[in-house]
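# An overview of the molecular structure
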Amino acid sequence: ASKHLPIDCLCHNLAFIWIHKTAEMATGLEIDHEPRKTSGGVGKLLCLHCMQVVPRYFCLECEVYLCDTCKTQHDKDRLKCKHTYVTTYSQNRIIGSDMRAPKQGDIDNPKSVKMDESIADGPVSSKKRNLSSTEEEILASSCDAPETSRTSVVMSSVRILTTKTENDVKNTTEIGCLKLLRDDLVVVTDIENKRLKCFVYSLDDLFLVESLVFKTAPWCVSSVDDSKLIVTLPDAKCYQELHRDRSCLRRGNIIKLGGHYPVCAVTKSGIVFADTDNAHFIMTDLSGQHVTDLFDNDIEKRFETPNFLLYNDRNDMLLINDPVKGVFGFDMTYKSWIFRFSNPSLVCPLEFIVAENEDIFILGNESKNIHVISLNGEFKYEISLRDVNTQQGPCCICYHPKLHAYLISLSGSYDLLQFKLNI
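Everything in this summary refers to the structure shown in the same document. Everything numeric here is computed off the predicted structure, so don't read it as measured data.

Cut-off values and rules
- Every chain is numbered independently, its residues counted from 1 as its sequence is written.
- Per-residue local features of the predicted model are confined to residues with pLDDT of at least 70, and side-chain atom pairs are confined, for both listing and counting, to 80 or more; whole-chain, interface and lining totals are unaffected and use all residues.
- As a convention, hydrogens and water are excluded, and side-chain values are obtained from all of the structure's heavy atoms.
- Within this document, salt bridges are pairs made up of a side-chain nitrogen of Lys or Arg and a carboxyl oxygen of Asp or Glu, the two lying within 4 Å of each other.
- Exposure categories follow from relative accessible area, calculated using a 1.4 Å probe and restricted to protein chains: below 20% of the type maximum is buried, above 50% is exposed, and the middle band is partly exposed.
- By convention, a stacked pair of Phe, Tyr or Trp rings (six-membered ring in the case of Trp) has centres within 6.5 Å and planes under 30 degrees apart, an edge-to-face pair has planes over 60 apart, and any other such pair is tilted.
- Helix and strand definitions here come from DSSP, where helices need a minimum of 4 consecutive H or I residues and strands a minimum of 2 consecutive E residues; each element is numbered from the N-terminal end.
- Two residues form a contact once any of their heavy atoms are found within 4.5 Å.
- Pairing between strands is defined by DSSP: at least two bridges between the two strands are required.

Moving on, we come to the pattern of salt bridges. Scanning the entire structure with this criterion turns up 7 salt bridges. For the salt bridge of aspartate 190 with lysine 197, the shortest nitrogen-to-oxygen distance reads 3.0 Å. Taken individually, aspartate 190 and lysine 197 each receive the classification buried, so the pair is uniform in this respect. Each of Asp168, Asp190, Arg195 and Lys197 takes part in one network of salt bridges that share partners.

Within a pair of aromatic rings, the relevant descriptors are the distance that separates the centres and the angle that separates the planes. On inspection of all chains with the given rule, the structure shows 15 aromatic pairs. For the pair tyrosine 406 and phenylalanine 419, a centre-to-centre distance of 5.2 Å together with 10° between the ring planes defines the contact as stacked. Of the two residues, tyrosine 406 is situated in strand 26 (residues 405-410) and phenylalanine 419 in strand 27 (residues 415-422); the sequence distance between them amounts to 13 residues. Given the relative accessible area of 7%, tyrosine 406 is considered buried. Given a relative accessible area of 1%, phenylalanine 419 falls into the buried group.

Moving on, we get to the side chain of glutamate 300. Tracing the backbone shows glutamate 300 in helix 7 (residues 297-300). Beyond its immediate chain neighbours, meaning those up to four positions away, glutamate 300 contacts Ala279, His280, Phe281 and Phe295.

The next subject is the sheet that holds strand 16 (residues 292-293). Within a sheet, neighbouring strands are paired by backbone hydrogen bonds and run either parallel or antiparallel to one another. The antiparallel open sheet is built from 4 strands, whose spatial order is 13-14-15-16. One side of each edge strand has no neighbouring strand; the edge strands of this open sheet are strand 13 (263-266) and strand 16. Looking at chain direction, strand 13 and strand 14 (residues 271-275) are connected through 4 bridges and run antiparallel. The partner of valine 266 across the bridge, within strand 14, is isoleucine 271.

So this is what it looks like as structure tokens:
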């Protein structure tokens, strides 16, 4: 592949190989350009520069794997600043069990990827396909973080905010969804009072600007675009569209689903719904029509109670939470499983968010902690909530990027826990 590179880039590659050969002689270790396997035998990539961190990027011109830090240094080189990168997690299907590096043709021509033809073109398919050995290993195993790497991060600016209003008749409630919208608006679904509340959020305070009452309890809220939301009403076996004009919400169409689907996620291809009780996934178009099954029965049998969905549009990844089985990452483009994360110290995971740096923050309701993992499913660090003066476990979470503040709802309470991280 080097003969197709510009001469200046080729010189850099040769110099880089010379450095690694020098390192081989100094350490007695063989260093090559291929991804390494961990001692556990599972193929996991290592950054070619530092050889210590699982990489997030692959440079198509240099054909090297890079972690976040080394990619930053890679970009500072004026000869490499315009190179093209792909993310390693999105290439799980391309890399395969032999852990080969993706080639330019693999990226430019997705049909070169070995996939079941019945699912290669459509957004979803109910037809059964055979899982690759890598996917079988992902779905069957867990990713337990070593004790030595479970470092804690300290919280600051901790404060308790309340979502209780004068019209609430219940002493306690369950918050089904906590969502940050544009313009500093926070939407909360109050299950016990059957209300959807909209607050303006400024640091250390919430101001109620809208409250909608429903006949049945609202659960999940997801944004279709800046002016349109949907809220699931599982007891009515439907969802309702909400049209937004600044801080005002106007009710729209009610779309029947024909089943009990409390959680949903809007994707590029349509809307995904999950039946928590029966572990069944469906997908519709963005208007709620043309219902199809997302997974076949063999896949659905691997779940017990899928109670939360989150879509990461930057990577076309669907994240699925199951309090019993753990957190799953599914590539919607290649229809392949990327990771499964579960850990004995993360008890009853309920919800998560994807931060600006693409780390996933997973709430442990019974363990009262947060595990932070990468989009590869690799454990990074833990945040303990046991020092916070509250008896309830965390349920829902959102993050305000401008204020650098997190909001977490607490079980059986109107309260939200606000905090920042000292990283």
